[in-house]
Amino acid sequence: DVVLIRDSLTPVQRDPVGCQVLAGDWYSVYDGLTWTDPTELQVDHVVALSEAWESGASQWPIGRLVAFGNDLSDVRSLRAVTSALNQQKSAADPSNWIPPYEPFVCQYVADWVSIKARWGLSMDESEFGRIRNLLTDRCPDKTIAPWPETASAPPPATTPPATTTAPATTPPAEPNNVFYKNCDAVRAAGAAPIREGDPGWQTKFDRDRDGVGCE
């Protein structure tokens, strides 16, 4: 509703409480259509949340994730568009989807680059290649407007302090009065098979009295 209020070309009509948007005038830049019914629209994360996650956001603290997902500080981040096209786009990057409305393609690519650069997100090879080709072939003179500051980036990784390993010591000899609960305990203690004279050999672990336990 906040995005619908922001993006409407005329003042919106709201419910009596003043929250839900009931009507307005919205221009969907993905297909060049205008809508008055908000149910025909969805709010698109231009760089989808899953795309951001795979491009570096998985390493962010929770506050930065929330700031990205609800970013109203830059109009390029969230956009009210025709529902069907938002569903068609889903989480695709420009290597798999660009707006079908040709006059908006260059702006869409520029917006994508601005969002990725602003938030420090990476591009994979196919994504970068498609964007480079689009900018070269269709948008050679396109420029990208500055963007506001984002939520603080995660602190750089620090090198953990060096640790030292205590010298290996020979474990003390096992006392002769050790008894094990079952063969699992014997094996967990590294004492199987038990042979005659070993701790616990005289118990049920060597029922056939052949000198080898836990067979």
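Values in this document were obtained by computation on a predicted structure and should not be read as measured data.

Trainee: Is there a simple way to explain the overall build of the protein chain in this structure?
Mentor: The secondary structure content of the protein chain amounts to seven helices and six strands. In sequence order, the secondary structure elements of the protein chain are arranged as α-β-β-β-β-β-α-α-β-α-α-α-α. Across the 215 residues that make up the protein chain, the buried fraction comes to 36%. Here the contacts in the protein chain between residues at least 6 apart in sequence split such that 57% fall between residues at least 24 apart. Within the structure as shown, the protein chain displays about 13,100 Å² of accessible surface, and the carbon and sulfur contribution to it stands at 55%.

Trainee: Hey, could you run me through the packing of aromatic side chains in this one?
Mentor: Any pair of aromatic rings gets described here by the distance separating the centres and the angle formed by the planes. All chains considered together, the criterion is met by eight aromatic pairs. Centroid distance tryptophan 60 to tryptophan 119: 5.7 Å. Interplanar angle 35 degrees. Geometry classified as tilted. In this pair, tryptophan 60 sits in the loop between helix H2 (49-54) and helix H3 (62-69) while tryptophan 119 sits in the loop between helix H5 (105-118) and helix H6 (125-137), placing the two residues 59 residues apart along the sequence. Note on tryptophan 119: relative accessible area 3%, which makes it buried. Summarising the aromatic geometry, the rings of phenylalanine 68 and tryptophan 119 are spaced 5.2 Å apart at their centres and angled 90 degrees between planes, so their arrangement reads as edge-to-face.

Trainee: Mind showing me how you'd approach the side chain of aspartate 44 here?
Mentor: Counting through the fold element by element, aspartate 44 comes out in strand S5 (residues 41-45). Relative accessible area serves as the criterion here: at 2%, aspartate 44 is assigned to the buried category. Within the structure, the side chain of aspartate 44 is placed 2.6 Å from the side chain of tyrosine 30, a separation counted as a polar contact. The residues contacting aspartate 44, other than those within four sequence positions of it, are Tyr30, Ser77, Leu78, Arg79, Val81, Asn86 and Lys89.

Trainee: Teacher, can you tell me more about the nonpolar core here?
Mentor: Across soluble globular proteins, you tend to see nonpolar side chains buried next to one another. Tyr30, Val47, Phe68, Tyr108 and Leu121 are the most contacted members of the largest nonpolar core, which has 24 residues in total. Among the elements of the structure, H5 and H6 are those that each provide at least two residues to this core. The element best represented in this core is H5, accounting for six residues. Those residues in contact with tyrosine 30 that sit more than four places away from it in its chain are Asp44, Val46, Arg79, Val81, Leu85, Lys89, Trp97, Pro99, Pro100, Tyr101, Phe104 and Tyr108. Residues Leu4, Trp26, Leu41 and Leu78 belong to the second largest nonpolar core, which totals eight residues.

Trainee: Hey, could you run me through the pattern of salt bridges in this one?
Mentor: Note on pairing: side chains with opposite charge can pair once their charged atoms come close. If you walk through the whole model with that rule in mind, you get eight salt bridges. A salt bridge links lysine 89 to aspartate 44, with the nearest nitrogen and oxygen atoms 2.8 Å apart. Taken as a pair, lysine 89 in helix H4 (residues 83-89) and aspartate 44 in strand S5 lie far apart in primary sequence, 45 residues in all. Between lysine 116 and glutamate 51 there is a salt bridge whose closest N-O contact spans 2.6 Å. Of the two residues, lysine 116 sits in helix H5 while glutamate 51 sits in helix H2, which places them 65 residues apart along the sequence. Glutamate 51 matches lysine 116 in its accessibility class, with the two residues each being buried. In this structure, a network of salt bridges that share partners links the residues Glu51, Lys116 and Glu127.

About the thresholds
Residues numbered from 1 in each chain as written. Predicted model: local features only at pLDDT ≥ 70, side-chain atom pairs only at ≥ 80, totals over all residues. Heavy atoms only, no water. Helix = DSSP H or I, 4+ residues; strand = E, 2+ residues; numbered from the N terminus. Buried < 20%, exposed > 50% of the residue type's maximum accessible area, 1.4 Å probe, protein only. Contact = heavy atoms within 4.5 Å. Areas by Shrake-Rupley, 256 points an atom, 1.4 Å probe, with all protein chains shown as cover. Phe/Tyr/Trp six-rings, centres within 6.5 Å; stacked < 30°, edge-to-face > 60°. Polar contact = N/O pair within 3.5 Å; in protein donor to acceptor, adjacent residues only side chain to side chain. Core = buried A, V, L, I, M, F, W, Y, C linked by side-chain atoms within 4.5 Å. Salt bridge = Lys/Arg side-chain N within 4 Å of Asp/Glu carboxyl O.

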